Amino acid sequence: MKKVLLWLILGTKGGINRARIIKKLNERPYNINQLSKELDVNYRTISHHINKLEEMNVVESYGEKYGKMYLLTDEMNENYDEFKNILEQIEDE
């Protein structure tokens with residue numbers, strides 16, 4: 001998971017937004033619309049990042065269509081400390 005997180009956060013253009021999404025989902029489940037409002041980021045941008053995070057087994061979804069809720073996978077929860085270490089690297093730059 002560490003390599004996945006490094007690539008998703010440090011190795012891609014949208015890494016900061018992905019990190020913000022992960023932090024929000026660590027607090028509680030959200031749908032895309034709620035994340036868009038909470039993070040003040042375009043709905044389509046959030047949707048794109050959520051799809052990447054889901055593809056890489058960082059988030060999972062429950063429900064259907066607009067009511068679909070996203071939360072961190074068990075694997076991501078187990079590696080959340082590693083995620084925080086990666087965030088510290090960003091903040092130290």
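Heads up: the structure comes first, above all this text.
Residues numbered from 1 in each chain as written. Predicted model: local features only at pLDDT ≥ 70, side-chain atom pairs only at ≥ 80, totals over all residues. Heavy atoms only, no water.

With respect to the pattern of salt bridges
For clarity, the threshold we go by: Whenever a carboxyl oxygen of Asp or Glu lies within 4 Å of a side-chain nitrogen of Lys or Arg, that contact is scored as a salt bridge. Helix and strand assignments follow DSSP, with helices taken as H or I runs no shorter than four residues and strands as E runs no shorter than two, numbered in order from the N terminus.
The final tally for this structure, using the stated rule, is five salt bridges. For Lys-84, the salt bridge goes to Asp-81, with nearest N and O atoms at 3.4 Å. One end of the pair, Lys-84, and the other, Asp-81, are both in helix α6 (residues 80–92), three residues apart, so they sit about a helical turn from each other.

Let's talk about the pairing of strand β2 (residues 69–72)
For the record, the criterion: Summary of the burial criterion: residues with accessible area below 20% of their type's maximum are buried, those above 50% are exposed, and those between are partly exposed, where the area comes from a 1.4 Å probe applied to protein chains only. Here a strand pair is declared whenever DSSP counts at least two bridges between the two strands.
A one-sided burial pattern is seen for β2, the buried positions being Tyr-70 and Leu-72 and the unburied ones Met-69 and Leu-71. With four bridges joining them, strand β1 (residues 59–62) and β2 adopt antiparallel strand pairing. Within the sheet, the bridge partner assigned to Ser-61 lies in β2 and is Tyr-70.

Some points on the side chain of Asn-31
Keep this limit in mind: Contacts between residues were defined by any pair of non-hydrogen atoms, one from each residue, lying within 4.5 Å.
Here Asn-31 is to be found in the loop between α2 (15–27) and α3 (32–39). The class for Asn-31 is buried, based on a relative accessible area of 12%. Discounting residues that sit within four places of it in the chain, Asn-31 has contacts with Tyr-66, Lys-68, Met-69 and Tyr-70.

Considerations on the nonpolar core
Formally: As used in this record, nonpolar core signifies buried Ala, Val, Leu, Ile, Met, Phe, Trp, Tyr and Cys residues forming a set joined through side-chain atoms within 4.5 Å.
Counting residues in hydrophobic clusters, the biggest one holds 26 residues, and the most contacted among them are Ile-22, Leu-25, Val-58, Met-76 and Phe-83. Taken together, the elements giving at least two residues each to this core come down to α1 (2–10), α2, α3, α4 (43–55), β2 and α6. Broken down by element, this core gets its largest block of residues, five residues, from α6.

Some thoughts on α3
Our working definition: In this context, the arc is that of the directions from the helix axis out to the C-beta atoms. Here a polar contact is recorded for every N or O atom pair within 3.5 Å, except that within protein the pair must consist of a potential hydrogen donor and a potential acceptor, and residues adjacent in sequence are included only if both atoms are side-chain atoms.
Those residues of α3 that sit buried are Ile-32, Leu-35, Ser-36 and Leu-39. Take α3 and look down its axis: the buried residues cluster within an arc of 100°, on one side only. Where α3 is buried, its residues touch α2, α4 and β2. N-capping of α3 is provided by Asn-31, with a side-chain oxygen placed 3.1 Å from the backbone N of Asn-33. Downstream of α3 by a residue or two, Asp-40 has a phi angle that is positive, lying close to 55°.

Everything listed here is a matter of geometry and, on its own, says nothing about what the molecule does.
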